[in-house]
Amino acid sequence: MDPSDQKHFTAVDYVIFAVLLAASMGIGLYHALSGGRQRTTQEFLMADRSMSCLPVSLSLIASFQSAVAIIGVPAEIYTHGTQYWFIGCAYFLGLLIPAHVFIPVLYKLRLSSTYEYLELRFSKAVRICGTLTFIFQTVVYMGVCVYTPAFALNAVTGFELWGAVLATGLACTLYTTMGGLKAVIWTDVFQTAVMFAGQLAVIVVGVNQTGGASEVWRKVWEGNRISALNLNPDPTERHTFWTLGVGGVFLMLSLYGVNQAQVQRYLSARTEKEAVRSCYMAFPSLQLSLALSCVMGLVMFYANTLHFGCFPQMVIYFVMDMLEGFPGLPGLFVACLFSAALSTISSAFNSLATVTMEDLVKPHVPAMTEARATLVSKALGWLFTSYAPITAVTFLTERALIVVVFDLQVALKLFGMVGGPVLGLFCLGMFFPWANPTGAMAGLGAGLALSFWVGIGSIFNRSSGARPLSAGCRAALLSDNSTSAVHTALDNLTLSKPSGLNRFYSLSYMWYSAFSCFAVILIGLIISFLTGPMKEEDVTPGTIYPVFGKLLCFLPEHLKKKLCCVTPRGPTVSKIMDAGPIPSIS
Ligand SMILES: CC(C)(CO)[C@@H](O)C(=O)NCCC(=O)O
Ligand code: NA
């Protein structure tokens with residue numbers, strides 16, 4: 001790295017950065033010493049189920065908004081125009097459905113791990129498979145998240161990459177294991193504020209330097225960066241209204257509907273109403289965050305005259321150049337990236353500790369005392385911490401992978417490939433009373449196989465929906481002579497339509513969630529009917545959401561009853577479950 005890139009940080013910047021870390025630690029320490037002092041798993045993992053909707057809602061948006069999005073979205077807008085902004089349309093249904101379908105079912109069951117649902121509805125084996133899938137997704141995602149801010153810090157201060165990665169993991173584990181979920185949620189609130197402040201500062205400075213908002217607008221308009229609504233129905237087109245606005249709903253459902261990190265937050269809310277409200281309140285903040293990162297991409301487009309693509313790493317240099325002469329602001333921006341990453345990683349730690357404890361440890365050690373269980377949960381937190389830097393460092397050793405790791409697409413592909421089948425499994429259970437455990441297992445297995453097939457196939461398929469400039473970006477990263485590299489990349493741009501299996505591999509990654517979700521449901525239902533569908537009286541009460549009953553409310557009563565299996569939650573079951581661990585269902 002050119003040492004001249006490292007002139008940006010002044011003493012004020014270091015102070016701002018230190019304040020972020022100190023405040024996060026302080027919040028952790030406060031929750032370690034107040035309340036019940038984190039001596040029970042109910043407090044450590046579930047925040048005593050006492051949270052109100054405001055902190056929960058800010059925490060919800062922080063979980064999956066990492067530095068990857070903060071710099072990935074501007075890079076996307078800069079390169080391809082504002083089409084990506086239409087993902088905001090998916091936020092409507094993507095939050096309404098969790099609020100009115102998933103929360104009512106999951107909250108009433110008083111779960112700790114969302115995968116307990118799978119055991120109640122299907123079997124222990126399905127639950128374990130759900131848990132393992134989640135652990136895989138989260139561990140890979142953490143590796144991606146931890147790397148981005150470390151790169152930024154390295155670029156502006158020269159701080160060693162691996163040192164920054166380790167420090168991030170360490171800081172995060174410290175406050176997470178000290179203060180439990182309460183600390184995670186309250187640091188999320190603080191860190192979300194820092195995140196917004198950093199993005200806002202860049203935009204305000206950028207717009208002022210470039211001669212006002214109307215100037216920026218004129219230039220991005222002339223530069224063709226304001227995209228019209230693309231209604232092309234082709235599923236291989238990377239970003240259209242359909243892939244973003246409809247495919248995006250399924251992506252949102254896999255994250256906000258059934259992902260442990262989010263469900264744990266809903267369940268930590270004081271009441272079900274409060275959980276639903278937090279979901280509603282997440283909507284404006286998510287839109288604001290999307291708008292800020294899109295506008296940042298437009299401002300960058302104005303500030304830079306190069307009319308080729310931009311890779312995410314460049315965003316950091318752009319911003320640092322823009323903020324030169326404003327001491328404190330580079331520090332605020334790096335703090336913004338770290339806030340985004342820390343809040344995501346802490347959610348990941350806490351949710352990993354929860355599922356490992358609740359799904360993998362507790363069922364085998366039923367007689368564990370609360371104090372012991374809390375200790376084990378904390379130890380699990382530490383275990384997973386060591387895992388995140390290991391993943392990140394593995395990425396580091398493969399220099400070419402660095403470009404990949406930064407990509408917004410990588411994170412969204414992962415959510416779709418791994419989260420989509422799990423979403424399908426929950427939908428199969430909640431909406432289709434006939435689905436049986438065999439069907440669920442087969443559906444999940446087939447769904448995962450299909451989504452990995454298309455996901456891995458797309459990596460090896462040149463004309464895939466991947467960004468056409470990625471080859472150029474890689475070359476540009478490795479040499480300073482970016483102009484010629486970009487020309488080569490543009491020359492190599494393949495415009496021919498793929499056919500056959502290649503067409504399958506070119507499926508837009510925004511459809512991965514929907515595709516694998518439907519695959520799981522379809523295969524799950526077929527296998528269930530072949531092996532003997534579940535009888536209504538065998539389904540655990542409270543695990544079905546009568547979606548057909550609600551949709552077909554005009555049908556006569558007896559037909560509706562046949563279709564939707566509206567089983568009320570029996571008093572015996574609720575008593576057993578309120579008393580403690582879930583009884584095994586055979
Ligand atoms: C997942 C959404 C679409 C909504 O939360 C967004 O935050 C996002 O694009 N996240 C990318 C992954 C990341 O930032 O780590
Ligand atoms: Na975050």
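Residues numbered from 1 in each chain as written. Chains lettered and ligands numbered in written order. Predicted model: local features only at pLDDT ≥ 70, side-chain atom pairs only at ≥ 80, totals over all residues. Heavy atoms only, no water.

With respect to the site of ligand 1
Applicable threshold: Nearness is judged by heavy atoms alone; a residue qualifies as near a molecule or strand once a single heavy atom is within 4 Å of it. By the criterion applied in these results, polar contacts are pairs of N or O atoms within 3.5 Å in which, for protein atoms, one can donate a hydrogen and the other can accept it, and in which residues neighboring in sequence qualify only through two side-chain atoms. Per-residue and other accessible areas follow the Shrake-Rupley method at a 1.4 Å probe size, with only the shown protein chains counted as cover for residues. Secondary structure elements are taken from DSSP: a helix is a run of H or I of four residues or more, a strand is a run of E of two residues or more, and numbering for both begins at the N terminus.
Close to ligand 1 lie 15 residues, the nearest being Phe 64, Gln 65, Ser 66, Ala 69 and Tyr 141. Between ligand 1 and the protein, one listed contact pairs an oxygen atom with a side-chain N or O atom of Tyr 141 at 2.6 Å. Within the side chain of Tyr 256, one N or O atom sits 3.2 Å away from an oxygen atom of ligand 1. Summarising the interface, the protein chains cover 99% of the accessible area of ligand 1, which totals 380 Å² for the free molecule. At the level of secondary structure, the elements contributing two or more residues to the shell around ligand 1 comprise helix H4 (67–80), helix H10 (241–257) and helix H17 (408–431). Top element by residues in the shell around ligand 1 is H17. It accounts for four residues.

Some details on the environment of Arg 127
Let me state the cut-off plainly: For every residue, the accessible area (1.4 Å probe, protein chains only) is compared with the maximum for its type, and the residue is labelled buried under 20%, exposed over 50%, or partly exposed between those bounds. In this description, contact between two residues means that some pair of their heavy atoms is separated by no more than 4.5 Å.
Mapped onto the elements of the fold, Arg 127 is located in helix H7 (residues 124–157). By relative accessible area, which is 6% here, Arg 127 ends up buried. Note: C-alpha distance between Arg 127 and Glu 116 (11 residues apart in sequence) is 6.4 Å. In contact with Arg 127, not counting residues within four places along its chain, are Tyr 115, Glu 116, Leu 118, Glu 119, Glu 358 and Asp 359.

Looking at the coordination of the sodium ion (ligand 2)
The line we're drawing: Water is not among the atoms examined, so metal sites may look incomplete; donors are the N, O and S atoms within 2.8 Å of the metal, or within 3.2 Å for Na, K and Ca.
Ligation of the sodium ion (ligand 2) by protein atoms is provided by Ala 62 (O), Gln 65 (O), Ala 340 (O), Ser 343 (OG) and Thr 344 (OG1), these donors lying 2.3 to 2.4 Å from the ion. Between the donor residues of the sodium ion (ligand 2), the gaps in sequence give the motif A-x2-Q-x274-A-x2-S-T. There is no split in this pair, since Ser 343 and Thr 344 are both buried.

Some remarks on H4
Defined as follows: A helix's residues, less one, multiplied by 1.5 Å, set its expected span.
Look at H4: 20 Å from first C-alpha to last across 14 residues, which is about the 20 Å you get at 1.5 Å a residue. Along H4, 13 of the 14 residues are buried, which leaves the element largely enclosed by surrounding structure. A positive backbone phi angle near 85° is found at Gly 81, which sits one or two residues after H4.

Concerning unusual backbone geometry
In this structure, Gln 38 takes a positive phi of about 55° despite not being glycine. For Gln 38, the position within the fold is in the loop between helix H1 (11–33) and helix H2 (41–46). Classification of Gln 38 by relative accessible area gives buried; the value is 1%. Of note, Arg 110 is a non-glycine position whose phi angle comes to about 50°, a positive value.

Some points on the packing of aromatic side chains
Each aromatic ring pair is characterised by the separation of its centres together with the angle its planes make. Rules: Aromatic contacts are taken between Phe, Tyr and Trp rings whose centres are within 6.5 Å, Trp giving its six-membered ring; a plane angle under 30 degrees counts as stacked, one over 60 as edge-to-face, and the others as tilted. Should the NZ of a Lys or the CZ of an Arg lie within 6 Å of a ring centre and within 35 degrees of the ring normal, that charge is described as sitting over the ring.
Scanning the model with the defined rule gives 24 aromatic pairs in all. Considering the side-chain rings of Tyr 78 and Phe 301, the 5.6 Å spacing of their centres and the 70° angle between planes classify their relative orientation as edge-to-face. Remark: Phe 301 occurs in helix H12 (residues 272–303) and Tyr 78 occurs in helix H4; sequence separation between them is 223 residues. Of the residues examined, Tyr 78 reaches a relative accessible area of 1% and is grouped as buried. Measuring from ring centre to ring centre gives 6.2 Å for Trp 434 and Phe 529, while their planes differ by 35°; the resulting arrangement is tilted. Separated by 95 residues along the polypeptide, Trp 434 in the loop between H17 and helix H18 (437–460) and Phe 529 in helix H22 (residues 512–531) bring together distant segments of the chain. Lys 219 extends its terminal NZ or CZ atom over the ring of Tyr 302, reaching a point 4.7 Å from the ring centre.

What about the environment of Trp 453?
Tracing the backbone shows Trp 453 in helix H18. Classification of Trp 453 by relative accessible area gives partly exposed; the value is 43%. Not counting residues up to four positions away in its chain, the partners in contact with Trp 453 are Leu 501, Phe 504 and Tyr 505. Within the structure, the side chain of Trp 453 is placed 3.0 Å from the side chain of Tyr 505, a separation counted as a polar contact.

Thoughts on a nonpolar patch on the surface
The condition is simple: Residues with no salt bridge and a relative accessible area higher than 30% make up the patches, which join like charges within 9 Å and nonpolar side chains (Val, Leu, Ile, Met, Phe, Trp, Tyr) within 5 Å. Note on definitions: salt bridges are taken to be side-chain nitrogens of Lys or Arg within 4 Å of carboxyl oxygens of Asp or Glu.
A grouping of Phe 92, Leu 93, Leu 96 and Tyr 280 is seen on the molecular surface, where their side chains present a nonpolar patch of about 390 Å² in accessible area. At three residues, helix H5 (residues 90–108) tops the list of elements feeding residues into the nonpolar patch. On the basis of relative accessibility, which here comes to 47%, the residue Phe 92 falls in the partly exposed class.

A closer look at H17
Because each turn of an α-helix spans 3.6 residues, side chains separated by three or four positions end up pointing in the same direction. For clarity, the cut-off: In this scheme, the bend at a residue equals the angle between the axes fitted to the seven residues that finish there and the seven that begin there.
The first and last C-alpha atoms of H17 sit 32 Å apart over 24 residues, in line with the 34 Å expected at 1.5 Å per residue. The largest bend in H17 comes to about 40°, at Gly 419, with the proline Pro 421 one to four residues further on. For H17, the buried fraction is high: 23 of the 24 residues fall into the buried class.

Topic: the nonpolar core
Rules: Remark: nonpolar core denotes a set of buried residues (Ala, Val, Leu, Ile, Met, Phe, Trp, Tyr, Cys) joined through side-chain atoms within 4.5 Å.
Formed by 163 residues in total, the largest nonpolar core has its most connected members in Tyr 84, Phe 102, Tyr 117, Phe 333, Phe 426 and Met 430. In this view, Met 430 contacts Phe 102, Val 105, Leu 106, Tyr 117, Thr 543, Ile 544 and Tyr 545; residues no more than four positions away in its chain are not counted.

Describing the pattern of salt bridges
Scanning the entire structure with this criterion turns up 14 salt bridges. A salt bridge links Glu 119 to Arg 127, with the shortest nitrogen-to-oxygen separation between them at 2.5 Å. In this pair, the class of Glu 119 matches that of Arg 127, namely buried. Across the pair Glu 358 and Lys 362 runs a salt bridge, and its minimum N-O distance is 3.3 Å. Residue classification places Lys 362 among the partly exposed residues on the basis of a relative accessible area of 25%. Counted as one network, the salt bridges with shared partners bring together Glu 119, Lys 124, Arg 127 and Asp 359.

A few points about the packing of H7 against helix H14 (residues 329–361)
Packed helix pairs are specified by the crossing angle of their axes together with the interaxial distance, meaning the distance between the axes. We apply this condition: Axis geometry follows a simple rule: fit a line to the C-alpha atoms, using only the stretch in contact for helices, then measure angles between N-to-C directions, giving values from 0 to 180 degrees. Geometric relationships in this document are graded by angle, where less than 35 degrees denotes roughly parallel, more than 145 denotes roughly antiparallel, 65 to 115 denotes roughly perpendicular, and other angles denote oblique. Crossings are assigned a handedness: left-handed for a near helix turned anticlockwise from the far helix by less than a right angle, right-handed for a clockwise turn. Ten residue types, Ala, Val, Leu, Ile, Met, Phe, Trp, Tyr, Cys and Pro, are classed as nonpolar, four, Asp, Glu, Lys and Arg, as charged, and the remainder, Gly among them, as polar.
Axis separation between H7 and H14 bottoms out at 9 Å; the angle between their running directions is 160°. Our classification of the angle between H7 and H14 gives roughly antiparallel. Along this stretch, H7 crosses H14, giving a crossing that reads as left-handed. Residue classes in the contact of H7 with H14 are distributed as 24 nonpolar, five polar and three charged.

Regarding the packing of H7 against helix H13 (residues 312–322)
Taken N-terminus to C-terminus, the directions of H7 and H13 make an angle of 40°; their axes are 10 Å apart at the nearest point. Taken together, H7 and H13 sit at an angle that is classed as oblique. Between H7 and H13 lies a crossing whose hand is right-handed. Seen from H7, the contacting residues are Phe 151, Ala 152, Ala 155 and Val 156; seen from H13, they are Gln 313, Ile 316, Tyr 317 and Met 320. Grouping the amino acids of the contact of H7 with H13 by side-chain chemistry returns seven nonpolar, one polar and no charged.

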